[in-house]
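Chain and residue survey
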Number of protein chains: 2
Amino acid sequence: LKVTSEVKKIAVIGGGSWATALVKILSENNVRINWWLRNKEDVEHIIKFQRNPSYLSDIKLDTNKVFPSTNLLDHIKDNDMILLCVPSAFLEAILVQIPKDLLKDKIVISAIKGMIPSSNQLITDFLAKSFGIPCENLCVIAGPCHSEEVAMEKRSYLTIAGYGDVNTNSVAQILSCRFLKSSTIKDLHGAEFCAVMKNIIAIASGIARGLNYGDNFQAVLVSNAMSEIKLFLDAADPRERDLNRSAYLGDLLVTTYSQFSRNRTFGVLVGRGYSVKSAQFEMKMVAEGYFGVKSIYEVSKQFNIDMPITKAVYNILYEKISPSIEMKILENILK
Amino acid sequence: LKVTSEVKKIAVIGGGSWATALVKILSENNVRINWWLRNKEDVEHIIKFQRNPSYLSDIKLDTNKVFPSTNLLDHIKDNDMILLCVPSAFLEAILVQIPKDLLKDKIVISAIKGMIPSSNQLITDFLAKSFGIPCENLCVIAGPCHSEEVAMEKRSYLTIAGYGDVNTNSVAQILSCRFLKSSTIKDLHGAEFCAVMKNIIAIASGIARGLNYGDNFQAVLVSNAMSEIKLFLDAADPRERDLNRSAYLGDLLVTTYSQFSRNRTFGVLVGRGYSVKSAQFEMKMVAEGYFGVKSIYEVSKQFNIDMPITKAVYNILYEKISPSIEMKILENILK
């Protein structure tokens, strides 16, 4: 199966802020968007008022192109391109509702920045193995891109990662518009791992900020994090890659330095002394990095590599070790 | 000449905020600091009140260890280690006051983040050529480190770059203290070039911010900048180096993302529509990157390499091309 520029239909699965931003980008092009949202009231609101009541409601949606509904099966049946944009922790529960062989001939794009918590699988690995989707039909959307700035039409960039050139280019094409440029890289798994790891580093940065560490420490933390990410990628998916590209370094920066980063905010609360539970309660959501750090830490142990920042975040979130103790240990390791 | 840990004397040349912070770090160790400041009133104030009246006056200086004076020649004669910390544009005029052969047997450490404007020479190149200082006696202090956070004793890191292991290690030792760790790299010229380039990128980031570009753009700008820096270093000083280290990436981050960065602030003003002159007037100083961009741009032309971000900043500051036009051009080049 090849997708060409004539393909004008896509199903977007998920109703959060990133899904809403992607729907906006897609609808800048001549694409018919079948949008699945879990919540019936949200669907009705969008049809009536052209806005998602729950996320980024500043965005006016073009309902001549955007067709929301709660019917998952129909959306997936009727489209050859499926864009998945739901929290990683819910993906299995959502896809269990559709027949196993329905996805195998489709282009499936993951905008999910996490792993399957129960198995520590990358999303595209899980999709390939559980639904028989060939590798060249899978793509990943990498940042650096906060949905809030897409809503404001601030100049933004995406990177589409995949092994199938034709498909990756087609996806990059429909995800480019007047204020956003998408480029491509041939590194599905690396981009995906990196998207998970940046959330862990964002939590670490937030914790440091919450503990009153300054800009000097933050800069050292992030540059050491790049070495940690490289070490992990070289072990888990060895491949020639330029980590300075915006899909890797850029994505890390936008997540660790921006006020819009949920993972960073979660870290700040933990650093200030909130328990993990109360920080999650305060934020009314679970930051992806909370699950991500457990997966990456467990995978790093399989490869027998030392990731001090990841380990510190894991210890703080899962072993209830005090943030200030873990940061003191990190202080001496970083350089 | 070898410096060992027994050396307990150093001359610090320069009275600005970075010099004041370095004096504080040094005086945490058992080192006698002969501090040259240009301004007689400042010297008298420091002796009387133990504070530099002009910069970082929160810092209480230990005048049992810190000996300020305006006598440049004596300071340089009496010490085997000389730490230079003056604006790059003033260095020649300061050193012309001392005999040409006085520095050739000394360890000379540059904390200057610029180049000699008239010749586009690196500071250490200029020192080696004009004063006959052997390469292994030269060191450079690289960040990431804002002096304001040193004053607050926030956990910080420095990197000492040099080709002479013994000297570099000794300098790292006297520049480490309870709240600051110095490590070493064997890359004098790379670290020095990088320190100049980060100021250019900080100006570019500031200009983008002044023009209301957001965090997404900033992240892409900085990751593209890393590629630009790599391209330049591979041409101007080819050598195996890990650009993720905090002397390179970390220093870039602290300068482009921090509120304390003067170069970034200068860029913000220019982005908002201030002329270069009025931005400099507003800031009561000339940002190092203003000179740095001219030198790096001219050197890049010698090597025939394309540095779009550097070129944009050069065009804005020296060719009076509108910041918004240059940023529009960059928008399309970045990815």
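The structure contained in this document is the topic of the report that follows. (Residues numbered from 1 in each chain as written. Chains lettered and ligands numbered in written order. Predicted model: local features only at pLDDT ≥ 70, side-chain atom pairs only at ≥ 80, totals over all residues. Heavy atoms only, no water.)

1. A few points about the pattern of salt bridges
Scanning the model with the defined rule gives 34 salt bridges over all chains in all. Put simply, D125 of chain A and K129 of chain A hold a salt bridge, and the shortest N to O gap is 3.8 Å. Highlighted residues: D125 of chain A and K129 of chain A, both in helix α5 (residues 123-131), separated by 4 residues, approximately one helical turn. Residue D125 of chain A is classed as partly exposed on the basis of its relative accessible area of 23%. For K129 of chain A, a relative accessible area of 62% puts it in the exposed group. A salt bridge links E331 of chain B to K328 of chain B; its shortest N-O distance comes to 3.5 Å. Here the residue E331 of chain B and the residue K328 of chain B both occupy positions in helix α15 (residues 323-333), the gap between them amounting to 3 residues, near one helical turn. (Salt bridge = Lys/Arg side-chain N within 4 Å of Asp/Glu carboxyl O. Helix = DSSP H or I, 4+ residues; strand = E, 2+ residues; numbered from the N terminus. Buried < 20%, exposed > 50% of the residue type's maximum accessible area, 1.4 Å probe, protein only.)

2. Things to note about the interface of chain B and chain A
Counting from both sides, the interface comprises 41 residues of chain B and, opposite them, 41 residues of chain A. Carbon and sulfur atoms make up 52% of the surface buried where chain B meets chain A, a total of about 3,300 Å² over both sides. The residue R155 of chain A makes a salt bridge to E331 of chain B at a minimum N-O spacing of 3.0 Å. The tally of links between chain B and chain A comes to 22 residue pairs in polar contact (both at pLDDT 80 or more). Counting residues per element, the ones that place at least two in the side of chain B that touches chain A are β9 (156-162), β10 (180-185), α9 (215-236), α10 (246-257) and α15 of chain B. Sort the elements by how many residues they give to the side of chain B that touches chain A and α9 of chain B lands first, with 10 residues. A class-by-class count of the residues in the side of chain B that touches chain A yields 17 nonpolar, 14 polar and 10 charged. (Contact = heavy atoms within 4.5 Å. Buried area = accessible area lost by both parts, 1.4 Å probe. Polar contact = N/O pair within 3.5 Å; in protein donor to acceptor, adjacent residues only side chain to side chain. Nonpolar A, V, L, I, M, F, W, Y, C, P; charged D, E, K, R; others polar.)

3. Some remarks on the pairing of strand β10 (residues 180-185) of chain A
Residues and elements named next belong to chain A. Sheet topology note: the strand β9 (residues 156-162)/β10 ladder contains 6 bridges and is parallel. From the neighbouring strand, L158 faces β10, where its bridge partner is S182. For the segment spanning β9, helix α7 (residues 165-174) and β10, crossover handedness is right-handed. (Pairing = 2+ DSSP bridges. Right-handed = clockwise from strand over helix to strand, strands pointing away.)

4. A few points about the sheet that holds strand β2 (residues 32-36) of chain B
Residues and elements named next belong to chain B. If you trace the 8 strands from one edge of the open sheet to the other, you get β3-β2-β1-β4-β5-β8-β9-β10, paired in mixed fashion. Each having just a single partner strand, β3 (66-69) and β10 make up the two edges of the open sheet. Put simply, the sheet's adjacent strands are angled 25° from each other on average, direction ignored. Inspection of the sheet shows strand β4 (residues 81-84) paired to strand β5 (residues 107-110) by 4 bridges, in the parallel sense. Each residue of the ladder has a partner; that of L84, found in β5, is S110. Together, β8 (138-142), β9 and β10 form the strand contacts of helix α8 (residues 188-210), whose direction differs from that of β8 by roughly 40°. (Axes fitted to C-alpha atoms, helices over the stretch in contact; angles between N-to-C directions.)

5. Quick notes on helix α9 (residues 215-236) of chain A
One turn of the α-helix equals 3.6 residues, which is why residues spaced by three or four share an orientation. Taking 1.5 Å as the rise per residue, α9 of chain A with 22 residues should run 32 Å; its terminal C-alpha atoms sit 31 Å apart, in good agreement. The element α9 of chain A is extensively covered by neighbouring structure, given that 16 of its 22 residues are classed as buried. (Expected span 1.5 Å × (residues − 1).)

In short, shape yes, function no, at least from these values alone.
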